[in-house]
Amino acid sequence: MSFVPSFKPSLLGTGLHRAGANFTSAQQRRLNRTTRFGMQPLRKFKASQVRSAGYNPATYDFGARGSSLSASGGVDAAQFVRIVIVSRRHLRKNKYVDFVGEYHIDLVQQYGAVPIIVPRTEPTRQQLDAYLAGGIDGVLVMEGSDLGSEYNPYGDMGNLPKQVAEEVRAKHAGDVEIDEAKDSLEMRLIKEKVLAEGVPYLGLCRGSQMLNVALGGTLYFDVCAETSTSIRHIDYDNYDGHRHPLSVLPNTPLAGWFHEQFEGLEPNENAQLSVNSYHHQGIRDLAKGMQPLCYDPDGLVEGFYDPRMYDPEKGKFLVGLQWHPERMLEDYPGCPRVYRDFVRAATVHRQLMNSRRGFEPQLPMKYWMAPRYGRRRSSRAQARN
């Protein structure tokens, strides 16, 4: 039985989504083996298969690496900047649902990138490579539950008295429920893609804590229970309205995003921000090589970056923020700039990937036209990866 497919994500990465193309059931199954929105097919199509679908094989480039199968005027994966986001589990009406906050999605799309949402289910741990087919250009890790003990997030200092630990768990019941699948997926992305391959990374709240742990740093199991802090880091009665002060270090990426706050200050003077706060854990020991971006009044690191891996114009971005700029868009003009530069780095990363693979995008990037770079000297196997 043949049919006319609708314009849906499962077909977008193939270039065979145009109205008027009829597919047999076998052809549809082959198309469905492609991954979501702009990813490469998992296998190559032969000219006979393309012809039987109603297209002229002469309009296809079967030999170009780094691009998915596309017709003249079709959609090609290599033209898209792809940001991977793992969903979060939430109990709603007595059942779990997976979600990603739309503030994140809106900002990623606003600056021209495509969010690839990966479900945090157990089977995804075996299927993750399918979501990464075609390459990824950024990893965004945000809020979620506390990190599981198998990653040793608290080092040798994470043993609170049993009664204190139980009080913390009761107070923050929504955060202490461990999500092993989400932990595994995000830690794998950080280690295998971000740290091993240099894929740009933005970590917010839990995402900053995970990056610190992955790099060898440690966390407080509970900031209030383990320190004499005077700062309230979470207020369940005033959840979105709660703010606390931060001191922003000059000559850092954060200072650049919030440059208005430095107007009128001395060159080496810290600027002040008032930020939201939704966390009960925090950074105890900052990982080696990381540099602070900001502190709370008690000296707790609330943002950091790797200066060796930060240059959006060269496709480098490795930043962790304990707070949520996406939920403060009306507070400071610097908040969306965090995402702007993250996507900018991801865009250059995509262009570099295409350059190494010998693929020339046919369409300009929507927002950023970063300079192209020459092919990196590498083996054929490295170039293929």
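Residues numbered from 1 in each chain as written. Predicted model: local features only at pLDDT ≥ 70, side-chain atom pairs only at ≥ 80, totals over all residues. Heavy atoms only, no water.

Undergrad: How do you make sense of the overall build of the protein when you look at a structure like this?
TA: What the protein contains, in helices and strands, is 13 helices and 13 strands. Counting over 385 residues, the protein shows a buried share of 54%. Of all intrachain contacts in the protein linking residues separated by at least 6 positions in sequence, the fraction that spans at least 24 positions is 69%. Of the roughly 18500 Å² of accessible surface on the protein, 48% is carried by carbon and sulfur atoms. (Helix = DSSP H or I, 4+ residues; strand = E, 2+ residues; numbered from the N terminus. Buried < 20%, exposed > 50% of the residue type's maximum accessible area, 1.4 Å probe, protein only. Contact = heavy atoms within 4.5 Å. Areas by Shrake-Rupley, 256 points an atom, 1.4 Å probe, with all protein chains shown as cover.)

Undergrad: Looking at this model, I keep getting lost on unusual backbone geometry. Mind explaining?
TA: With glycine set apart, most residues show a phi of negative sign, and most peptide bonds adopt trans. Of note, the phi angle at Asn 152 is positive, near 50°, even though the residue is not glycine. One non-glycine residue, Cys 205, lies in positive phi territory at about 60°. Mapping Cys 205 onto the fold places it in the loop between strand S6 (201-204) and helix H9 (206-214). Classification of Cys 205 as buried rests on a relative accessible area of 8%.

Undergrad: I tried to follow the sheet that holds strand S8 (residues 244-248) on my own but got confused; where do I start?
TA: Across a sheet, strands are paired by hydrogen bonds formed along the backbone, either parallel or antiparallel in direction. Ordered in space as S4-S1-S5-S6-S13-S12-S11-S8-S9, the nine strands form an open sheet in which the pairing is mixed. At either margin of the open sheet sits one strand with a lone partner, and together these are strand S4 (114-118) and strand S9 (271-275). Shown here is a sheet whose adjacent strand axes are inclined to one another by a mean of 25°, direction ignored. Across four bridges, the pairing between strand S11 (residues 291-295) and strand S12 (residues 301-305) is antiparallel. The residue bridging Tyr 295 from the neighbouring strand is Val 301, located in S12. Against the sheet, helix H4 (residues 102-110) engages strand S1 (82-86), S4, strand S5 (138-141) and S6, with an angle of about 145° to S4. (Pairing = 2+ DSSP bridges. Axes fitted to C-alpha atoms, helices over the stretch in contact; angles between N-to-C directions.)

Undergrad: What exactly am I supposed to notice about helix H8 (residues 180-197) here?
TA: The terminal C-alpha atoms of H8, which comprises 18 residues, lie 24 Å apart, in line with the 26 Å expected from a rise of 1.5 Å per residue. A bend of about 25° at Ile 190 is the largest found in H8. Taken residue by residue, H8 has Ala 181, Lys 182, Asp 183, Ser 184, Leu 185, Glu 186, Met 187, Leu 189, Ile 190, Lys 193 and Val 194 as its buried positions. Phi for Gly 198, located one or two positions after H8, is positive at around 80°. (Expected span 1.5 Å × (residues − 1). Bend = angle between axes of the 7 residues up to and from the residue.)

Undergrad: Just to check I follow, could you spell out the packing of H8 against H9 for this structure?
TA: Packed helices, taken two at a time, are described by the angle between their axes plus the distance between the axes. With their axes 11 Å apart at the nearest point, H8 and H9 run at an angle of 60° to one another. When the axes of H8 and H9 are compared, the pair comes out oblique. The chirality of how H8 crosses H9 is right-handed. Contact residues: H8 offers Lys 182, Asp 183, Glu 186, Met 187, Ile 190 and Leu 195, while H9 offers Arg 206, Met 210, Leu 211 and Ala 214. Residue classes in the contact of H8 with H9 are distributed as six nonpolar, no polar and four charged. (Parallel < 35°, antiparallel > 145°, perpendicular 65-115°, else oblique. Left-handed = near helix turned anticlockwise from the far one by under 90°. Nonpolar A, V, L, I, M, F, W, Y, C, P; charged D, E, K, R; others polar.)

Undergrad: Would you mind going over the nonpolar core with me for this structure?
TA: One broad trend across soluble globular proteins is that nonpolar side chains are buried collectively. In terms of nonpolar packing, the biggest core is built from 40 residues, with Leu 140, Leu 202, Leu 254, Val 319 and Trp 323 touching the most fellow members. The biggest single contributor to this core is helix H12 (residues 335-356), with seven residues. With residues up to four places along the chain from it excluded, the contact list for Leu 254 reads Val 248, Leu 293, Cys 294, Leu 321 and Trp 323. Membership of the second largest hydrophobic core comes to 35 residues, among which are Ile 136, Leu 189, Val 194 and Val 199. (Core = buried A, V, L, I, M, F, W, Y, C linked by side-chain atoms within 4.5 Å.)

Undergrad: Help me understand H4 in this model?
TA: Because each turn of an α-helix spans 3.6 residues, side chains separated by three or four positions end up pointing in the same direction. Those residues of H4 not exposed but buried are His 104, Ile 105, Leu 107 and Val 108. Down the axis of H4, the buried side of the element spans an arc of 170°, and every buried residue falls inside it. Summarising the contacts, the buried residues of H4 are in contact with S1, S4, S5, S6 and H12. Taken from the residues just after H4, Gly 112 is the one with a positive phi, measuring 95°. (Arc of directions from axis to C-beta.)

Undergrad: Would you explain the pairing of S9 in this entry?
TA: The side chains of a regular strand alternate between the sheet's two faces. Only one face of S9 is covered, namely the one carrying Ala 271, Leu 273 and Val 275; the face carrying Gln 272 and Ser 274 has none of its residues buried. The sheet contact formed by S8 and S9 spans five bridges and is antiparallel. Bridge assignment links His 244 to a residue of S9, and that residue is Val 275.

Undergrad: What is the right way to look at the pairing of S11 in this model?
TA: Here S8 pairs with S11 via two bridges, running antiparallel. When the bridges of S11 are listed, Ser 247 appears paired with Tyr 295. Between S11 and S12, which follow one another and run antiparallel, lie five residues, and Gly 299 among them has a positive phi close to 90°.

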